[in-house]
Amino acid sequence: MICPKCKTNNAIEERYCINCGYPLSNENAAEDEAAASMWLKPNSKKTALIGLALVAVIIILLVIFLVVQFSKSESEEIAELLADGVGHKTSQLLKLEDVSLEEKSTYSGVTDYIKFSYLNESSDEIKVDGVKMPEWLVTVFEEEDVVTSVILYDFTVMENTYKGLKADGEIKLSSYSEGDSFSKVEKAVDLDPYTTEYNDDDVIIYTYKYYYIDSADNEQARTLVVQTKDGKYVSSTTTTVFPAGF
């Protein structure tokens, strides 16, 4: 209990101030309690708000994590799992229970056009220029029983035409420099990659196949290759794809 005269803090059972002898009453105790509540309430409210803010942040982070996890396709999950084996013994990948690797494809189009040591391919198929292909394919390359690279192919990119996906115009990345975040470059490209190649030292190479209509109303086909390392942009090259027979 606070003495109203000298402001000494007394025990609640004291009837007189231990410092100045001033008589203490229940009214003084009520005033002390009211004063204490004035200080405690704002702090309690502030603590509650901080707690709610922390809970909100945790929920947001959890939602982002779940969205990223569930937004990954089966092919991406398999490719990333196999990519962890780059630089390691091929025999380790062959022992994986979650992914089966085969030495032959069930599609002649894959056998005729794509090189690989081992592969895992989709059970769903599409046609690319009349040729049956799996919707996606993950290939593994090895040298002397060591995995050198893993490549994910997305053949749905060429389902409508060998030229790839249609873009609004030519994709130019000249404004980006080495070391820029790849996520920014990815937004600028705004297309699904035809291939994603995982190499050692965290190097990932994305190949995009696309076409656009130029100002003269001509179709222009391009192949864009973007190299990244540790999630950062390294370089890019663009190649013109000429019509068959030209």
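Rules of the game
Residues numbered from 1 in each chain as written. Predicted model: local features only at pLDDT ≥ 70, side-chain atom pairs only at ≥ 80, totals over all residues. Heavy atoms only, no water. Helix = DSSP H or I, 4+ residues; strand = E, 2+ residues; numbered from the N terminus. Buried < 20%, exposed > 50% of the residue type's maximum accessible area, 1.4 Å probe, protein only. Contact = heavy atoms within 4.5 Å. Areas by Shrake-Rupley, 256 points an atom, 1.4 Å probe, with all protein chains shown as cover. Polar contact = N/O pair within 3.5 Å; in protein donor to acceptor, adjacent residues only side chain to side chain. Salt bridge = Lys/Arg side-chain N within 4 Å of Asp/Glu carboxyl O. Arc of directions from axis to C-beta. Pairing = 2+ DSSP bridges. pLDDT = per-residue confidence, 0-100. Phe/Tyr/Trp six-rings, centres within 6.5 Å; stacked < 30°, edge-to-face > 60°. Lys NZ or Arg CZ within 6 Å of the ring centre and 35° of its normal.

(A) Summary view of the overall build of the protein. Across its full length, the protein holds five helices and ten strands. Of all 246 residues assigned to the protein, the portion counted as buried reaches 32%. By sequence separation, contacts in the protein at least 24 residues apart represent 43% of the contacts at least 6 residues apart. Carbon and sulfur atoms make up 52% of the accessible area of the protein, which totals about 16100 Å².

(B) Structural detail: the side chain of R222. Topologically, R222 is positioned in strand 9 (residues 219–229). Exposure remark for R222: the relative accessible area of 9% places this residue in the buried category. Here the side chain of R222 touches E170 through a polar contact of 3.4 Å, side chain to side chain. For R222, the contacting residues outside a window of four places in its chain are E170, Y208, K209, Y210, Y212, T238, T239, T240 and V241.

(C) Expanded view of the pattern of salt bridges. Considering all chains together, one arrives at three salt bridges under this definition. Notably, a salt bridge pairs E170 with R222, separated by 3.4 Å at the nearest N-O pair. Highlighted residues: E170 in the loop between strand 6 (165–166) and helix 5 (182–189) and R222 in strand 9, separated in sequence by 52 residues. With relative accessibility at 35%, the residue E170 sits in the partly exposed group.

(D) Looking closely at the side chain of T90. With respect to the helices, strands and loops of the structure, T90 is situated in helix 3 (residues 90–94). When sequence neighbours within four positions are dropped, the list of residues in contact with T90 reads Y118, E142, D145, V146 and V147.

(E) Examining helix 2 (residues 74–83) more closely. Within the sequence span of helix 2, burial applies to S75, I78, A79, L82 and A83. An end-on view of helix 2 places all buried positions within 135 degrees of arc, on one side of the element. Buried residues along helix 2 sit in contact with helix 3, strand 1 (118–121), strand 4 (136–143), strand 5 (146–154) and strand 7 (195–199).

(F) Just the pairing of strand 7, in detail. Bridge analysis of strand 5 against strand 7 gives five bridges, and the strand direction is antiparallel. Residue pairing for strand 7: V150 is matched across the bridge by Y198. Inspection of the sheet shows strand 7 paired to strand 8 (residues 203–213) by four bridges, in the antiparallel sense. Residue pairing for strand 8: Y198 is matched across the bridge by I204.

(G) Geometry of the confidence of the model for the protein. Of the residues in the protein, 85% have a pLDDT of 70 or more, and the chain-wide mean is 85. Below pLDDT 50 for its whole length, residues 64–71 participates in two contacts with residues either more than four positions away or in separate chains.

(H) How the structure looks around helix 5. All of the buried residues along helix 5 are F182, V185 and V189. Buried residues along helix 5 cover an arc of 60 degrees about the axis, so they all sit on one side. Those residues of helix 5 that are exposed and angled more than 90 degrees off the buried face are K184 and K187. In the core, the buried residues of helix 5 are packed alongside strand 8, strand 9 and strand 10 (232–241). Phi turns positive one or two residues past the end of helix 5, at D190, with a value near 55 degrees.

(I) View of the packing of aromatic side chains. Across all of its chains, the model carries five aromatic pairs by this definition. Summarising the aromatic geometry, the rings of F182 and Y206 are spaced 4.6 Å apart at their centres and angled 15 degrees between planes, so their arrangement reads as stacked. Linking F182 in helix 5 with Y206 in strand 8, this pair joins segments that are 24 residues apart in sequence. Each of the two residues, F182 as well as Y206, counts as buried. Relative to Y212, the ring of Y210 lies with its centre 6.4 Å away and its plane at 25 degrees, an arrangement referred to as stacked. The same class applies to Y210 and to Y212, which are both buried. Each residue in the set Y153, F155 and Y194 is aromatic and connected to the rest through ring pairs, giving one cluster. Seen from the ring of Y211, K163 lies directly overhead, with NZ or CZ sitting 5.5 Å from the centre. Looking at K209, its charged tip hangs above the ring of Y194, at a distance of 5.8 Å from the centre.

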